[in-house]
There are 2 protein chains.
Amino acid sequence: MHNPFIQIAGSKRSLHVQVAREIARKILSGEAAQNEIIPSEMVLCEQFSVSRTALREAIKLLTSKGLLESKPKVGTRVKSRDNWNFLDAQLLDWVIDLGDNEIVYQEFLALRKAIEPEAAALAAKNATAQQRILLSATFQQMDYISKNFDAQKWMEVDMEFHRLVFLSTGNSFYLPFANVLCTMFRSFISHSSEKGGTCIGEHRAIYSAIMAGDADKAREANAILLKNTNHRLPTSN
Amino acid sequence: MHNPFIQIAGSKRSLHVQVAREIARKILSGEAAQNEIIPSEMVLCEQFSVSRTALREAIKLLTSKGLLESKPKVGTRVKSRDNWNFLDAQLLDWVIDLGDNEIVYQEFLALRKAIEPEAAALAAKNATAQQRILLSATFQQMDYISKNFDAQKWMEVDMEFHRLVFLSTGNSFYLPFANVLCTMFRSFISHSSEKGGTCIGEHRAIYSAIMAGDADKAREANAILLKNTNHRLPTSN
DNA sequence: CATTTATATTTATCCTATAATAAACCTTGA
DNA sequence: TCAAGGTTTATTATAGGATAAATATAAATG
């Protein structure tokens, strides 16, 4: 009794994720207003041609990310925007899928400017031996790719570099940024690849400071990188 | 066929949340190792004395927060710590419940130091008229309570003040911090209430700068507040 | 009018059956 | 022996229907 249309349209993911994605789209786009009660389970099951099981798992998923809240007799309500966890990589993916991403990109850059320099400082202090090895290996690749430029490869290694910085902070609260960052990098053409420029110098400064354990220098170097980062229009989708 | 023990032990929440909380506890405490396959659905259903439906909803909840990943035939695997979304208020709640929170508190303070000054700066630039009214009203209360001191009330209004700063940034990525902050404030006795000192002067500086639209001053004022914030032992739970 | 009780609606939970998936285990043929 | 390809099997995914719990609303009651 599957509806093959949904399977195709929603890529290859599991059914409840596809349903969750579609409901999320309606919420994030404003098509379903905040504080509004969405249709009852039965109605939604028919709309999506899925069982109650799948639908309810979708709703649980969205509830977990702060988009919905269910009560018996009342129904399932769209929570206000304040509760949406934009620092969840999956939710961010859904946001990006809406298109119109210049604002998302700008807001993310504003977040990076706050958080990343401090992350670099913490990494300089707290990175483990193994993390330093990983960071080192990644920077080697950056260096190589900056000389034999390839936009796609640069994006990947650039992403990995910054991801490792977050993972090396030794602070649990910085870990989620790693995934959010990856989601953003994968969705947008890296701004720093503009005109083939790879900011290798700025990255080297961050890398060296972290390896040297110089927190202040790492912080400043990362701030400089982000200051030079000039906002590019997203080109994906 | 409910198991009343679980109902009592896990407070009044819905069943699948109670199950999720218990599984989360095992994962967060390390009792269930990273990358380990947890017991199959049937086994867990028996362990918790719940139906597959409830159990599966629990697993979906944990999957959404990056703690688990399920595959047919393979089983459900505990994801590595990098994937745990510590910036999810519910997950943070579970972390705090483990006790041993001095580290959590320190790490959170490190995050605040990075993010909050910038949030204050953004709020100074972007707060709407309505948000300024709310912030104003909240600061009035702070002022009053600082003179007629009450630790509990001060915690609440202090929390509300900083929450409003995050909500006033006009940046989606800053919104989740509001909820995380509230979770932390509710779980720990506010550090700033030490010896009846309420940092009202520091808060006034932040408040005034935001109301005046002076981003730089707001940033600096918030940084000063956090610099003076001296780490107290958590005393709750 | 206030307060309690009854009712109806919706989600919550339980249960069982079937489908999809992929790892592990067999063939089978060179 | 061993590699390719099909088969079995264990596990999650999905379906669907039944019962329980919760609660907003309406009705009854004092």
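Please read these numbers as outputs of a predicted model, since none were measured by experiment.

**Let's talk about the relation of the copies chain A and chain B**
Then, in step 1: Take chain A, turn it by 180 degrees, move it 0.0 Å along the axis, and it overlays chain B with an RMSD of 0.0 Å. With respect to symmetry, the two chain copies, as superposed, fit the operation of a two-fold axis.
Then, in step 2: When the interface residues of chain A are mapped onto chain B, 100% of them again lie at the interface, so the same face is used by both copies.

**Some thoughts on the protein's contact with DNA strand D**
Then, in step 1: In the vicinity of DNA strand D, 24 residues are found, and the nearest of them are A:Leu15, A:Ser51, A:Arg52, A:Thr53 and B:Arg56.
Then, in step 2: Protein-adjacent atoms of DNA strand D, using a 4 Å cutoff, are sugar or phosphate at a proportion of 70%.
Then, in step 3: A:His16 places a side-chain nitrogen or oxygen 3.4 Å from a phosphate oxygen of DNA strand D.
Then, in step 4: Among the secondary structure elements, those contributing two or more residues to the surface near DNA strand D are helix 2 (15-28) and helix 4 (52-64) of chain A together with helix 4 (52-64), strand 2 (68-71) and strand 3 (75-78) of chain B.
Then, in step 5: Here the surface near DNA strand D is composed, by residue class, of seven nonpolar, nine polar and eight charged.

**Quick look at the interface of chain A and chain B**
Then, in step 1: Counting residues at the interface gives 34 residues for chain A and 34 residues for chain B.
Then, in step 2: Buried surface at the junction of chain A and chain B, both sides included, amounts to about 3,300 Å², of which 59% is carbon and sulfur.
Then, in step 3: Where chain A meets chain B, there are two salt bridges.
Then, in step 4: Across the salt bridge formed by A:Glu57 and B:Arg56, the nearest N and O atoms sit 3.1 Å from each other.
Then, in step 5: Breaking the side of chain A that touches chain B down by element, the ones donating at least two residues are helix 4, helix 6 (102-126) and helix 9 (175-187) of chain A.
Then, in step 6: It is helix 6 of chain A that contributes the most residues to the side of chain A that touches chain B, eight residues altogether.

**A closer look at the sheet that holds strand 2 of chain B**
Then, in step 1: The sheet built from three strands is open, its strands ordered 1-3-2 (chain B) with antiparallel pairing. Looking at strand neighbours, the two that pair on one side only are strand 1 (37-38) and strand 2 of chain B, the edges of this open sheet.

**With respect to the packing of aromatic side chains**
Then, in step 1: For the structure shown, the criterion picks out eleven aromatic pairs over all chains.
Then, in step 2: Considering the side-chain rings of A:Phe173 and B:Phe108, the 5.6 Å spacing of their centres and the 65 degrees angle between planes classify their relative orientation as edge-to-face. Of this pair, A:Phe173 sits in the loop between helix 8 (151-167) and helix 9 while B:Phe108 sits in helix 6 (residues 102-126), on two different chains. Across the pair, B:Phe108 and A:Phe173 agree in class, each one buried.
Then, in step 3: Judged by centre distance (4.4 Å) and plane angle (10 degrees), the rings of B:Phe139 and B:Tyr207 are stacked. Of the two residues, B:Phe139 is situated in helix 7 (residues 129-147) and B:Tyr207 in helix 10 (residues 200-212); the sequence distance between them amounts to 68 residues. Of the two residues, B:Phe139 and B:Tyr207, neither departs from the other in class, the shared state being buried.
Then, in step 4: Pairwise contacts between aromatic rings join A:Phe166, A:Tyr174, A:Phe177, B:Phe166, B:Tyr174 and B:Phe177 into one cluster.

**Structural notes on the protein's contact with DNA strand C**
Then, in step 1: By nearness alone, 22 residues border DNA strand C, and A:Arg56, A:Lys73, B:Leu15, B:Ser51 and B:Thr53 come closest of all.
Then, in step 2: Counting only the atoms of DNA strand C that lie within 4 Å of the protein, the sugar and phosphate share comes to 66%.
Then, in step 3: Take A:Arg52: an N or O atom from its side chain is 3.1 Å from a base oxygen of DNA strand C.
Then, in step 4: For DNA strand C, a phosphate oxygen lies 2.8 Å from a polar atom in the side chain of B:Ser51.
Then, in step 5: Contributions of two or more residues to the surface near DNA strand C are made by helix 4 and strand 2 (68-71) of chain A together with helix 2 (15-29) and helix 4 of chain B.
Then, in step 6: Here the residues of the surface near DNA strand C are counted per class, giving six nonpolar, eight polar and eight charged.

**Here we look at the side chain of B:His162**
All names here are of chain B.
Then, in step 1: Relative to the helices and strands, His 162 is located in helix 8 (residues 151-167).
Then, in step 2: His 162 sits in the buried class, given a relative accessible area of 2%.
Then, in step 3: Setting aside residues up to four positions removed in sequence, His 162 forms contacts with Arg 112, Glu 116, Leu 181, Phe 185, His 203 and Leu 225.

**Regarding the environment of B:Cys182**
Residue and element names in this part refer to chain B.
Then, in step 1: Here Cys 182 is to be found in helix 9 (residues 175-187).
Then, in step 2: On the basis of relative accessible area, Cys 182 is assigned to the buried category, the value being 5%.
Then, in step 3: In this structure, the C-alpha to C-alpha distance between Cys 182 and Glu 160, residues 22 residues apart in sequence, is 7.9 Å.
Then, in step 4: Dropping the residues within four chain positions of it, Cys 182 is found in contact with Met 159 and Arg 163.

Calculation rules
- Residues numbered from 1 in each chain as written.
- Chains lettered and ligands numbered in written order.
- Predicted model: local features only at pLDDT ≥ 70, side-chain atom pairs only at ≥ 80, totals over all residues.
- Heavy atoms only, no water.
- Least-squares fit on C-alpha atoms with pLDDT ≥ 70 in both.
- Contact = heavy atoms within 4.5 Å.
- Near = heavy atom within 4 Å.
- Polar contact = N/O pair within 3.5 Å; in protein donor to acceptor, adjacent residues only side chain to side chain.
- Helix = DSSP H or I, 4+ residues; strand = E, 2+ residues; numbered from the N terminus.
- Nonpolar A, V, L, I, M, F, W, Y, C, P; charged D, E, K, R; others polar.
- Buried area = accessible area lost by both parts, 1.4 Å probe.
- Salt bridge = Lys/Arg side-chain N within 4 Å of Asp/Glu carboxyl O.
- Pairing = 2+ DSSP bridges.
- Phe/Tyr/Trp six-rings, centres within 6.5 Å; stacked < 30°, edge-to-face > 60°.
- Buried < 20%, exposed > 50% of the residue type's maximum accessible area, 1.4 Å probe, protein only.

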